[in-house]
Amino acid sequence: MPTELDLAPLWLSLQLASVTTVLLLLFATPLAWWLANTRARGRAVIEAMVALPLVLPPTVLGFYLLLVLGPHGALGAPWLQLTDTTLTFTFTGLVIASLLYSLPFVVQPLQNAFEALDRKPLEAAWCLRASPLDSFFSVVLPQAMRGYLTAAVLGFTHTLGEFGVVLMVGGNIPGETRVISIAIYDHVETLDYASAHWLAGILLVFTFIVLLVVYALDRHARVRVI
Amino acid sequence: MTRLIAQCDLKHSGFRLHARLDIPAQGITAVFGRSGSGKTTLLRCLAGLERSATGLISVNNKVWQESSTGIFIPVHQRAVGMVFQQPCLFSHMTVRANLNYGLTRTPLAERRMPWDQVIEILGIGALLERYPQHLSLGEQQRVSIGRAVLSNPCLLLMDEPLASLDAPRKDEILPFIKRLNREMNIPVVYVSHSVQEIVQLADTLVLVHEGQATVAGPIHEIFSRLGLHEYLGEATGAIIDAHVIAHEAEFDLTCLEFHGRRLYVPRQSLNVGDAVRVHILSRNVSLSLAPPQAPTSVLNIIEARVVEIGAAVPGKPAVEVKLDAGCPILATITRKSLHALALSPGQCVYASIKAASLQ
C-alpha cells in the first residue's frame, strides 16, 4: 500500500452511504406502502418518477440537481437564507442528491415485499385491536424484513458507487465531497495507478463481501433477496 | 335485550350484498348459504373490513357504522374477534405471542377472558412455545380461535373456521366453539355452508341467498318455515329438541323422546337423559291418513296434525306440508299425493320417519 494513500474518501463514501440508506429506509417506507396499496390514478406517474434514476444518465440528474440545489435554485436559495451555506459542493448537498439517485433501489424492493405480503394476517391484526400503525410495526415489518435487507444493501452499495451525480453536484472537495469513486478518477487522471488500484480494489472487495454475506444469509433462510 | 343490527349494502364488481338483519347479540348465530352467496362479505361488513359498505351496523346499542351521520368505527376499535377460514397466524411469533397479541392490546378493565381456561378448552397448552409453521392445520385453527377469544371481543365472528379441516378435526373443534360461547359468554356469529354444523351449534339462523341477507330468526322457527327450499335446498326439514330415554343395544338403536313422542335413531354415544337436537329432513317424512294396520318396517310413526300446506310451484312435483306433532315437523310429498289424500289444515295424519334419516 502506498504510504501516502489517503483513505479519507473511503470513509466519506461509507458515511454518505450510511446516512443516505438510513434516511431512504425512513422515507421510502411510506412511499412504497402507498404504491403497493393504492389504486389511485397517479400511481403510474409516481412509479415512473421513482424509477427515473435507474435509466437517466447520472450527468442529467446531476445537472438538474445542480440547478435546484444551487444558490439560486428552488432548494438551494431558501437553504442559503436559512443556514448561510450552499447546498452544492457540500456533504448535505451530496446526501440530498444520493437520496434521489438511490431512491428506486430502496423503494422497489420494499414495494415488491409489501405487494407479496399476505393481507390476511394484517386484517387479523386489525381484528385483534391493533391500529394500522401498530399492525405495520408488529406484523408487516417483521414479515417484510427480507425486503428491507435487500433495500438496505442495494441502497447502500449503489450510493457507495455513485460518481456522475457527485461530480456534477459535489465536485471534488477533500473531506467534504471527495468520495471514493471521485478519488479513484482523480488518481487515474494524475496517472497515480497504484493508489487507484488500492482504492478500486478495496471498493470491489468490500462490495463483494457485502453481497456475499447477503446471499449466504439468503440461502440459509431459503428465501431469495435480490 | 342486546341486539345486532345490520342494515347494510355493498356493491362489489358484479356482486351486491343487501342485509336487513335485527337479531339477538347472544348465543350462536349461524349464517347459512351456498358458496358465493355473500356470507363472508356480510361478516366482513360487520367487522369493518369492507370500508365501502353503506348503511347501519350496531351491536349492543353501540353504533359501529352509520352512513347517514358518517360514523365508521375502524376495525381495531370495534372489539370484534374474527376467525378466518385460514388460521392466519403470525408466522414470526410463537403460539404464546400470537395468543397474547390481542390480549396485550386490550385495556385492563376489559380483560375478562381467563387465559388458563381458554387454553384448556382449546387444548393448546402444549403448543405455546412452538411456531405456527410447526403445527397441524387443526392446531393452528384452534390457536387462531384462542387468539381471537383472548382479545376479549364483544362479538366473535367466525368465517367457516372448520372449512379447511377434515371431518375428525371438525368434530374435535365444534364442541370447543360451543363451550367458548356458553362458558365465556361471547356472542358468536358463525358462517357455514354445512347444515350439520349449524344444527349442532346455532341458536339463531341467518339465511343468505344471492347477496340477500334478510331472513333470520330462531333456528327451530326458521327450519320449520315453509317456502325456504330455495335457501335450504336438500336440508329443508324441522329441527326437534329431544332427549335420550333408552338404548336398544341388540339392534344398535337409541330411543329418543320429544313432546311425549318416541323416535328411534341409530345408536348414539350419549347417556340416557342427554339432550339432543334432531334434524328431520322433510324428504324423509311420508304421510298417511290412518295408522298402518299390517306390520311395517317403518319404526317411527308419529301422529300429527296438518298445520299448513306450502304453495305448489308449477314445474315442481313436490309440495311441503307443515305438521304439528307437539312441535313443527315438515314433510315433502308429491302434489299427486296431496291431491289423493285431500289434505287440509287441521286434519289428523300419521307421519312415517325413517330412523336412518336422522342426523
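Fair warning: this is a prediction, and the values are worked out from it, not measured in the lab.

**Overview of the overall build of chain B**
Helix and strand content of chain B: 9 helices and 20 strands. The C-alpha radius of gyration computed for chain B amounts to 23 Å, which stays within 12% of the reference 21 Å derived for 359 residues, consistent with globular compactness. Expressed as lengths along the three principal axes of its C-alpha atoms, the size of chain B is roughly 70 × 50 × 35 Å. Out of the 359 residues belonging to chain B, those deemed buried represent 52%. For chain B, the share of sequence-separated contacts (at least 6 apart) that also reach a separation of at least 24 residues comes to 65%. Carbon and sulfur atoms provide 52% of the accessible area of chain B, an area that totals close to 15,800 Å².

**Describing the nonpolar core**
Core analysis: the biggest nonpolar cluster contains 65 residues, and Leu 110 and Phe 114 of chain A together with Leu 4, Leu 42, Leu 49, Met 82 and Leu 157 of chain B have the highest contact counts within it. Tallying contributions element by element places helix H1 (residues 8–37) of chain A first for this core, with 7 residues. In terms of nonpolar packing, the next biggest core, distinct from the first, is built from 33 residues, Val 95, Leu 99, Leu 127 and Val 188 of chain B among them.

**Quick word on the interface of chain B and chain A**
In this complex, chain B contributes 24 residues to the contact, which on the side of chain A involves 18 residues. Taken over both partners, the interface formed by chain B and chain A buries close to 1,800 Å², and the fraction arising from carbon and sulfur atoms is 62%. Here chain B and chain A share 3 salt bridges between them. Across the pair Arg 105 of chain B and Asp 134 of chain A runs a salt bridge, and its minimum N-O distance is 2.6 Å. Run the count over chain B and chain A and you get 9 residue pairs in polar contact (both at pLDDT 80 or more). Taken together, the elements giving at least two residues each to the side of chain B that touches chain A come down to strand E7 (80–83), helix H2 (95–104) and helix H4 (137–150) of chain B.

**Topic: the domain arrangement of chain B**
All names here are of chain B. In terms of domains, chain B is made up of domain 1 (3–223) and domain 2 (237–358). Centre-to-centre separation of domain 1 and domain 2, based on C-alpha positions: 34 Å. Tallying the contact residues gives 10 residues for domain 1 and 7 residues for domain 2. For the domain 1 and domain 2 pair, buried surface summed over both sides reaches about 670 Å², with 55% attributable to carbon and sulfur atoms. Counting across the interface, domain 1 meets domain 2 through 0 salt bridges. Our enumeration of links across domain 1 and domain 2 arrives at 3 residue pairs in polar contact (both at pLDDT 80 or more). A total of 5 residues in the side of domain 1 that touches domain 2 trace back to one element, the largest contributor, which is helix H6 (residues 195–201). Its residues assigned to classes, the side of domain 1 that touches domain 2 comprises 7 nonpolar, 2 polar and 1 charged.

About the criteria used
Note on numbering: residues in each chain are counted from 1, in written sequence order. Whichever chain is written first becomes A and whichever ligand is written first becomes 1, with later ones labelled in order. In keeping with the model being predicted, local features are shown solely for residues with a pLDDT of at least 70 and side-chain atom pairs are shown and tallied solely at 80 or more, while totals for entire chains, interfaces and linings include all residues. Water and hydrogen atoms play no part in the side-chain values, which are based on all heavy atoms of the structure. Segments assigned H or I by DSSP are reported as helices when at least four residues long, segments assigned E as strands when at least two residues long, and all are numbered from the N terminus. The globule rule used for comparison is 2.2 Å times the number of residues to the exponent 0.38, while the radius of gyration itself is calculated over C-alpha atoms. Buried residues are those whose accessible area, probed at 1.4 Å on protein chains only, stays under 20% of the maximum for their type, while exposed residues exceed 50% and partly exposed ones sit between those limits. Contacts: residue pairs with any heavy atoms within 4.5 Å of one another. Accessible surface area values rest on a Shrake-Rupley calculation with a 1.4 Å probe, where residue burial reflects the displayed protein chains alone. What is meant by a nonpolar core is a set of buried Ala, Val, Leu, Ile, Met, Phe, Trp, Tyr and Cys residues, joined one to another through side-chain atoms within 4.5 Å. Each of two parts loses accessible area, computed with a 1.4 Å probe, when they are put together; buried area is these two losses added. Salt bridges, as used here, are contacts in which a Lys or Arg side-chain nitrogen is within 4 Å of a carboxyl oxygen on Asp or Glu. The definition of a polar contact used here is a pair of N or O atoms within 3.5 Å, where within protein one atom must be able to donate a hydrogen and the other to accept one, and adjacent residues in sequence count solely through side-chain atom pairs. Just so you know, the domain bounds were taken from an automatic or database domain assignment. Three classes are used, and their members are as follows: Ala, Val, Leu, Ile, Met, Phe, Trp, Tyr, Cys and Pro are nonpolar, Asp, Glu, Lys and Arg are charged, and the others, Gly among them, are polar.

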